[in-house]
Amino acid sequence: QVQLLESGGGLVQAGGSLRLSCAASGLTFSSLGWFRQAPGKEREFVAAIVWSGESTNYADSAKGRFTISRDNAKSPVYLQMNSLKPEDTAVYYCAAKNTLDYYSTHGYIYWGQGTQVTVSS
């Protein structure tokens, strides 16, 4: 069974940090991305990484504050979020695809259920 499982969400004060994890089972992927969706807004791209962990891509809103990483080809994919702002509040989803175009925000075919991140002011 193909599954992406996110964890690590929660409530944090502005300026704080959280680390999200995405564990994949039943599939191998070429690229994995993090997306988020705030209430009343469209889902937006946050960051992506190629399967080896060697290459990454970030949305402008994430650059300098968020880091996507992977320790090895079998480990979860992490999203370290620092200097969090109230506008980062959203449900965060990880998604995977079988192509190496991690720099493209399109083409993701596997999605997790999401984890809530709430940043209080």
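Structure's up top.
Given the structure is predicted, the values throughout are model-derived calculations rather than measurements.

**Q** Let's hear about the overall build of the protein: which residues, and what values?
**A** Helices and strands together make up the secondary structure of the protein, namely 0 helices and 11 strands. Counting helices and strands in the order they occur from the N terminus, the protein gives β-β-β-β-β-β-β-β-β-β-β. For the protein, the C-alpha radius of gyration of 13 Å lies close to 14 Å, the compact-globule estimate for 121 residues. Over its C-alpha atoms, taken along the principal directions, the protein stretches across nearly 40 × 25 × 25 Å. The proportion of buried residues among the 121 residues of the protein is 44%. Contacts in the protein between residues at least 24 apart in sequence constitute 57% of all its contacts with a sequence separation of at least 6. Between the mean site of the 10 positive side-chain charges and the mean site of the 9 negative ones, the protein shows a separation of 2 Å.

**Q** How would you sum up the nonpolar core? Please name residues and give values.
**A** Residues Leu32, Trp34, Leu79, Met81 and Tyr92 are the most contacted members of the largest nonpolar core, which totals 27 residues. Every element with two or more residues in this core is listed here: strand 3 (18-25), strand 4 (31-37), strand 5 (44-50), strand 7 (66-70), strand 8 (77-81), strand 9 (90-97) and strand 11 (115-120). With 4 residues, the top contributor of residues to this core is strand 9. Excluding residues within four positions of it along the chain, Leu79 makes contact with Leu18, Arg19, Leu20, Trp34, Val46, Ala47, Phe66, Thr67, Ile68 and Tyr92. Among the nonpolar cores identified, the runner-up in size contains 8 residues, and Phe35, Phe45, Tyr102 and Tyr108 belong to it.

**Q** Give me the state of the cysteines: which residues, what numbers.
**A** One pass over the full model with this rule turns up 1 disulfide. Here Cys22 is linked by a disulfide to Cys94, with a sulfur-sulfur distance of 2.1 Å. Looking down the S-S bond of the Cys22 and Cys94 bridge, the torsion is 60°, so its handedness is right-handed. On the criterion of sequence distance, the pair formed by Cys22 in strand 3 and Cys94 in strand 9 is long-range, its members being 72 residues apart.

The rules behind each value
Residues numbered from 1 in each chain as written. Predicted model: local features only at pLDDT ≥ 70, side-chain atom pairs only at ≥ 80, totals over all residues. Heavy atoms only, no water. Helix = DSSP H or I, 4+ residues; strand = E, 2+ residues; numbered from the N terminus. Rg over C-alpha atoms; globule rule 2.2 N^0.38 Å. Buried < 20%, exposed > 50% of the residue type's maximum accessible area, 1.4 Å probe, protein only. Contact = heavy atoms within 4.5 Å. Lys, Arg positive; Asp, Glu negative; His and termini not counted. Charge placed at Lys NZ, Arg CZ, Asp CG, Glu CD. Core = buried A, V, L, I, M, F, W, Y, C linked by side-chain atoms within 4.5 Å. Disulfide = S-S within 2.5 Å.

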